[in-house]
Structures are given as structure tokens and as C-alpha cells.
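The primary structure of each chain is shown beneath.
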Amino acid sequence: MPKVELHLHLEGAIPPEAMWELIGRHGGDPEVPSPEALAERFEFTDFAHFIGVWEWKLKFHDTLEDYQYLAAAVAEDLRRQGHVYVEAFVSPTDSPLEPAAMLMAVRRGLDQVTGVEVALVPDLVRDTGPIAAMRTLEAVISVREDAGVVGITIGGSEQLHPPEQFAPVYRRAREAGLRLTAHAGEAAGPASVRRAIDDLGVDRIGHGVRAVEDPALVRELVECQIPLEVCPTSNLRTRVAPSMERHQVRTLIDEGAFVTINTDDPAMFGCTLAGEFAALAELGYDDETLRMLTENAIDGSWASAARKRELHVGLAAWWQQHSVPPVA
């Protein structure tokens with residue numbers, strides 16, 4: 001199936017072989033002597049542990065050449081998996097490089113690969129605070145057209161840095177014509193989702209699964225049809241969800257929320273978008289529901305109206321070719 005994804009971190013999607021190459025380029029790490037040890041590094045006890053491993057990874061991609069290389073590697077991996085359109089997060093605040101130069105290096109890498117379109121959504125990283133986020137945002141705005149930037153998000157330690165701190169940053173981004181999403185309802189509860197909506201004025205919510213802890217909020221999400229960037233395996237790996245059978249996504253889909261399915265950090269979590277859909281199928285969701293979730297991703301994207309029509313036509317053509325006729 002042609003795949004559309006709205007919540008994928010480039011730095012968390014580096015294929016294992018490319019990540020191993022980056023580690024080697026930086027002199028290796030005695031604590032990670034083999035690709036097998038690298039895979040073991042990506043076993044997480046909770047969300048805070050995941051953030052710690054993320055910070056460890058950063059030292060292995062800290063040059064413009066590194067970012068161009070990893071972007072091309074990720075784009076090729078996405079193309080191979082059948083992705084046709086992706087809105088990918090990238091974190092210039094986490095890099096020692098000047099943000100505009102870093103974004104342009106990423107764009108050069110992405111443009112090396114044809115067959116998949118990758119728009120960028122810089123993550124302003126809430127852990128560095130709103131002042132640093134505003135500085136990064138201004139750099140983002142300066143290259144938004146050339147770098148193919150369509151919006152912003154804030155990721156990081158959601159439980160420590162509530163959304164309202166970043167309200168001025170989000171107002172500036174909106175004024176500059178950027179679209180808005182924010183990680184919320186992942187490491188923190190439903191209040192984080194509500195604050196992202198009320199104080200930041202987001203167009204989408206990154207994750208949002210803990211909204212189910214507040215039935216009134218779920219009703220509001222259903223009524224307003226705010227797109228949710230749900231990442232099932234990610235939530236399992238960081239212990240946000242107890243199991244796939246008891247995953248919050250089931251409530252959100254069944255209640256009629258605007259759910260999209262995504263992988264978040266697929267190389268770190270060992271997942272693929274095809275695998276996410278397969279897991280939902282195993283829970284009993286039929287082909288029409290899986291198709292609807294992909295249509296949601298198209299409609300919830302920040303692609304142009306013309307591009308959305310192209311994506312819908314391509315998806316419809318695929319389903320027409322591959323649908324199984326009913327048994328007489």
C-alpha cells in the first residue's frame with residue numbers, strides 16, 4: 001500500500017547499518033562494540049530512558065556531512081518500504097550546528113532519493129526552553145522554502161516542560177505561515193493535550209493517546225476532528241501503553257477520533273509502518289479501517305490540495321487493484 005506518515009523523527013529512523021557507519025566515523029564506542037550491541041542499546045525501560053539513549057546518539061551525527069548522509073539513508077529506507085509522502089521531524093536544537101545550515105544539509109540528503117517526498121517539521125525540543133526554541137524558529141523561518149519546511153513541533157521531556165511555556169513561539173510560527181503540532185499526551189497526561197490545543201493552537205497532536213484518561217477530552221477531539229499522530233509500537237516500547245491489546249489507540253479509533261498511524265522512531269523501536277497496520281489487523285480492524293487510517297494521514301497532512309488529490313488517487317488505485325472480491 002502507498003504509505004503516508006506524519007510522525008517520524010529522522011534521527012530516530014536512521015537504518016541500523018547507517019547508524020553503525022556513523023558510529024564508526026566518530027571513532028566508535030567501547031560500550032557498543034558490535035551491531036548486536038547497538039540493537040541492545042535500543043531496549044528501553046521507560047520514556048526517560050529513551051530520552052537518555054536519544055541524547056547518547058547525538059554525538060554520532062554532528063557534522064553537515066553526517067546529516068546529509070543520514071537523511072539520504074532514511075529517505076532510501078522509506079522509499080524501499082513504499083512510503084510516498086512523509087512529514088518528518090528533525091531536531092536542529094539538538095545539534096551543535098547552525099540550524100539553517102543543518103536543515104539545508106538534511107534537504108540535500110533527502111533530495112538524493114527519488115520516489116518519496118519528505119517535508120520537514122523541525123522539532124524545537126522543549127528541554128532547551130522557549131528562548132532557545134524562539135532562536136531556532138527564526139533560523140528555521142529563514143530557510144523554510146529552500147529546506148522544504150512545512151511546520152514545527154516540540155518534542156522532548158513533555159512531563160517537565162508544559163506546552164504553555166511555548167505559546168509565544170507558536171504564535172510567531174503561525175504568523176510566519178508554518179503549521180503547528182506538538183508532542184502531547186505521551187509522557188504526560190490529558191492536561192498536556194488540552195494545553196497544546198488551547199495555549200498553542202495546534203493543528204495536530206503528536207501522540208495524544210493519554211487523552212483517553214479524560215472522556216470529555218476524547219469527546220472534544222472527536223467533535224473537532226483534530227488529527228492525532230498515534231505511534232502504537234513507540235508507546236509500547238516507552239511503556240506509555242501496556243500492550244497492543246490494551247493500547248489507547250483502540251479507544252480513539254472506536255470512538256471516531258481522527259487517528260493517523262505512524263512509527264515515531266522506527267529504527268530505535270524496531271518497527272515499520274507496515275508492521276503497525278499488521279498489528280491493527282491482528283486486533284480485528286478490517287481493510288476499510290486500515291484504508292481510512294491512511295486516508296486520514298493524507299487529509300491530516302500539510303501537503304497542498306493538489307498533492308493530497310494525487311495521494312488519494314494513488315491510494316484508491318492501489319486498493320482497486322488489490323482488494324479481494326466478496327465470496328458469492
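Anything mentioned here points back to the structure above.
Residues numbered from 1 in each chain as written. Predicted model: local features only at pLDDT ≥ 70, side-chain atom pairs only at ≥ 80, totals over all residues. Heavy atoms only, no water.

Draft legend 1. Up close: the overall build of the chain. A count of helices and strands for the chain gives 16 helices and 8 strands. Relative to the compact-globule value of 20 Å for 328 residues, the chain shows a C-alpha radius of gyration of 19 Å, a close match. Projected onto its principal axes, the C-alpha coordinates of the chain cover approximately 65 × 40 × 40 Å. Residues classed as buried in the chain amount to 58% of the 328 residues present. Of the contacts formed within the chain by residues at least 6 apart in sequence, a portion of 75% connects residues at least 24 apart. Of the roughly 13200 Å² that the chain leaves accessible, carbon and sulfur atoms contribute 52%. (Helix = DSSP H or I, 4+ residues; strand = E, 2+ residues; numbered from the N terminus. Rg over C-alpha atoms; globule rule 2.2 N^0.38 Å. Buried < 20%, exposed > 50% of the residue type's maximum accessible area, 1.4 Å probe, protein only. Contact = heavy atoms within 4.5 Å. Areas by Shrake-Rupley, 256 points an atom, 1.4 Å probe, with all protein chains shown as cover.)

Draft legend 2. Representation of the pattern of salt bridges. One pass over the full model with this rule turns up 21 salt bridges. Across the pair R25 and E21 runs a salt bridge whose closest N-O atoms are separated by 3.1 Å. In this pair, R25 and E21 are both assigned in helix α1 (residues 16-25), 4 residues apart and thus about one turn of the helix distant. Given the relative accessible area of 42%, R25 is considered partly exposed. Overall, E21 belongs to the partly exposed group, its relative accessible area being 34%. A cluster of three or more residues bridged by salt bridges with shared partners is formed by E87, R204 and E229. (Salt bridge = Lys/Arg side-chain N within 4 Å of Asp/Glu carboxyl O.)

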